[in-house]
Amino acid sequence: MASLSLSFHKHSLPSLLPRQSPKALSSSHNLVILPKSSHSQFYSVKLSSSSSVSLPSSNSSSRMTFIFAKVNKGGVPPSFTLKDQEGRNVTLSKFKGKPVVVYFYPADETPGCTKQACAFRDSYEKFKKAGAEVVGISGDDPSSHKAFAKKYRLPFTLLSDEGNKVRKEWGVPADLFGTLPGRQTYVLDKNGVVQLIYNNQFQPEKHIDETLKLLQSI
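Draft legend 1. Summary view of the environment of Ala147. Inspection of the secondary structure assignment puts Ala147 in helix H4 (residues 142-152). Judged by its relative accessible area of 46%, Ala147 falls in the partly exposed class. Considering only alpha carbons, one finds Ala147 and Gln85, 62 residues apart in sequence, at a separation of 8.3 Å.

Pasting the structure below:
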């Protein structure tokens, strides 16, 4: 499946859309646009059959979904209250006053997610030394998280975002082909301000390296 990257400069959404009637048919292509800076208006764009904003075309049967960045570096992300692996409510504001690593991952027990969780586990003492908390979030329910944490002896909090509400509010993009929820990590400083956004679907261990590097510099 082909993909390509584009950059938009000083354009608003209406100026990018041709003045023609929309056609909302399916397409198997994905177009991903990543911002060059934290101030970009666009986080990603993907083509799919389940899109919500149509890109009109007189000779193409495609529909384009615009996914706007909800959380940017230097900003404060939306708060949330989610259940952890023990069924207890956990609010983001609970971690204010210390750095926190919030990582969104596709699902419990998948190979990449298991590798990532175990890498966070193996480096957990380094995160503690940096004074940081680690929080993993996926759409799995608390019982799945509990079994996952017990099986791999995960010492950190896993939160259940059933329905992916928080993922959507934060603007976490899907993977390149739109088939799985994306793998994205945020580092918030002690004031709750985002200092790092790192996305790497296929090298889960890199999330640990990048977050530790940032934490050791703040």
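Draft legend 2. Broad picture of the pattern of salt bridges. Taken as a whole and assessed by the stated rule, the structure comprises seven salt bridges. Between Arg121 and Asp122 there is a salt bridge, and its shortest N-O distance comes to 2.9 Å. With its nearest N and O atoms 3.6 Å apart, the salt bridge here joins Glu210 to Lys213. On the criterion of helical spacing, the pair formed by Glu210 and Lys213 is a turn pair, its members being three residues apart in helix H6 (residues 206-215). You can call Lys213 exposed: its relative accessible area is 53%.

Draft legend 3. Focus on the nonpolar core. Counting residues in each nonpolar core, the largest one holds 25 residues, and the members touching the most others are Tyr103, Phe120, Phe127, Val134, Leu154, Phe156 and Leu158. Residue assignment for this core shows that the elements contributing at least two residues are strand S5 (100-104), helix H2 (111-122), helix H3 (124-129), H4, strand S9 (194-199) and H6. Non-local contacts of Phe120, meaning those with residues more than four positions away in its chain, are made with Val101, Tyr103, Phe127, Val134, Phe156, Ile208 and Thr211. By size, the runner-up hydrophobic cluster in this structure holds 18 residues, among which are Val71, Val90, Val102 and Val194.

Draft legend 4. Structural detail: the sheet that holds strand S8 (residues 184-188). In space, the seven strands of this open sheet follow the order S4-S3-S7-S6-S5-S8-S9, with mixed pairing throughout. Every other strand in the sheet has two partners, leaving strand S4 (89-91) and S9 as the edge strands with one partner each. In this sheet, adjacent strand axes meet at a mean angle of 30° when their direction is disregarded. For strand S3 (residues 81-84) and strand S7 (residues 157-160), the ladder comprises two bridges, and the chain directions are antiparallel.

Definitions and limits used
- Residues numbered from 1 in each chain as written.
- Predicted model: local features only at pLDDT ≥ 70, side-chain atom pairs only at ≥ 80, totals over all residues.
- Heavy atoms only, no water.
- Helix = DSSP H or I, 4+ residues; strand = E, 2+ residues; numbered from the N terminus.
- Buried < 20%, exposed > 50% of the residue type's maximum accessible area, 1.4 Å probe, protein only.
- Salt bridge = Lys/Arg side-chain N within 4 Å of Asp/Glu carboxyl O.
- Core = buried A, V, L, I, M, F, W, Y, C linked by side-chain atoms within 4.5 Å.
- Contact = heavy atoms within 4.5 Å.
- Pairing = 2+ DSSP bridges.
- Axes fitted to C-alpha atoms, helices over the stretch in contact; angles between N-to-C directions.

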